[in-house]
Amino acid sequence: MEPEKQKINPAHALLIEDDEACQRVMTHFLQQLNYEVDLADEGEKAVKMAQDKQYDLILTDVRNKGISGKEVIPLIRNKNKSRNVGTPIIVWSAFVHKKNEEMYLSWGADGALTKPCKIQVLKIAIGECSALQRYERKFRHRIKIIEQEWKANGGKKELLEKLCCLDNLQLSIL
């Protein structure tokens, strides 16, 4: 009975991928994991789609047609009216290595997968990236944006770090 219920309300995923074979493989994996998949084969199209619809998951390649993953992820996260500021974003690329995974996270991604991958690895990555609630992820990404703007405008990093480390009780006093 439960599998039928899941099929009634599938989750929605945006796949940003320009290679047709990779599109088919990942679409199949996501459908097996009960996702309805929207496909964008170029970066600009993906940003527009992310402005128009809220997704439960976004997967992106690093090298997209038009604008790259490096630009797509921050655009999805930073747009004023983006519906996907708090959506888990996973980089899915042949260029995923431990040394550059941190770079993808600095762009605003929540995780990274090596291309190709197995469905079990995808499922684990989705679980790990979805562990935070949408509002928590949205808050963390907003803090990153504030930190970047603070530094760009000559703010002292130490003061910002102290403010970011305050707990809710201390923040409520402010």
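All of these numbers come straight from a predicted model, not from anything done at the bench.

**Thoughts on the pattern of salt bridges**
Under the definition given, this model contains 6 salt bridges. One salt bridge in this structure joins Glu20 and Arg24, with 3.0 Å as the shortest N-O distance. Taken together, the residues span about one helical turn, with Glu20 and Arg24 both in helix α2 (residues 20-32) at a distance of 4 residues. Judged by its relative accessible area of 56%, Arg24 falls in the exposed class.

**A few points about the packing of α2 against helix α6 (residues 119-129)**
Packing of α2 against α6 brings their axes to within 10 Å, and their N-to-C directions diverge by 65°. As α2 packs across α6, the resulting crossing turns out to be right-handed. Between α2, through Met26, Phe29, Leu30 and Gln32, and α6, the contact on the second element is made entirely by Ile119, Leu122 and Ile126. Within the contact of α2 with α6, the residues separate by chemical class into 6 nonpolar, 1 polar and no charged.

**A look at the packing of aromatic side chains**
This structure, assessed with the given rule, holds 0 aromatic pairs. Over the ring of Trp92 we find Lys115; its NZ or CZ atom is 4.9 Å from the centre of that ring.

**Examining the state of the cysteines**
Summed over the entire model, instances satisfying the criterion amount to 0 disulfides. The cysteine Cys22 is free of any disulfide, with Cys117 supplying the nearest cysteine sulfur at 9.8 Å. Of the residues examined, Cys117 reaches a relative accessible area of 14% and is grouped as buried.

**Points about the sheet that holds strand β2 (residues 35-40)**
As summarised here, the arrangement of the 5 strands in space is β2-β1-β3-β4-β5, forming an open sheet in which the pairing is parallel. If you trace the sheet from one side to the other, it starts and ends with β2 and β5 (111-114), each paired once. Taken over all neighbouring pairs, the strand axes of this sheet differ in orientation by 25° on average, direction set aside. As defined by bridge partners, strand β3 (residues 57-60) adjoins strand β4 (residues 89-93) across 3 bridges and the pair is classed as parallel. Counterpart to Leu59 in the pairing with β4 is Ile90. Against the sheet, α2 touches β1 (11-16), β2, β3 and β4, its axis set at about 160° to β2.

The rules behind the values
Residues numbered from 1 in each chain as written. Predicted model: local features only at pLDDT ≥ 70, side-chain atom pairs only at ≥ 80, totals over all residues. Heavy atoms only, no water. Salt bridge = Lys/Arg side-chain N within 4 Å of Asp/Glu carboxyl O. Helix = DSSP H or I, 4+ residues; strand = E, 2+ residues; numbered from the N terminus. Buried < 20%, exposed > 50% of the residue type's maximum accessible area, 1.4 Å probe, protein only. Axes fitted to C-alpha atoms, helices over the stretch in contact; angles between N-to-C directions. Left-handed = near helix turned anticlockwise from the far one by under 90°. Contact = heavy atoms within 4.5 Å. Nonpolar A, V, L, I, M, F, W, Y, C, P; charged D, E, K, R; others polar. Phe/Tyr/Trp six-rings, centres within 6.5 Å; stacked < 30°, edge-to-face > 60°. Lys NZ or Arg CZ within 6 Å of the ring centre and 35° of its normal. Disulfide = S-S within 2.5 Å. Pairing = 2+ DSSP bridges.

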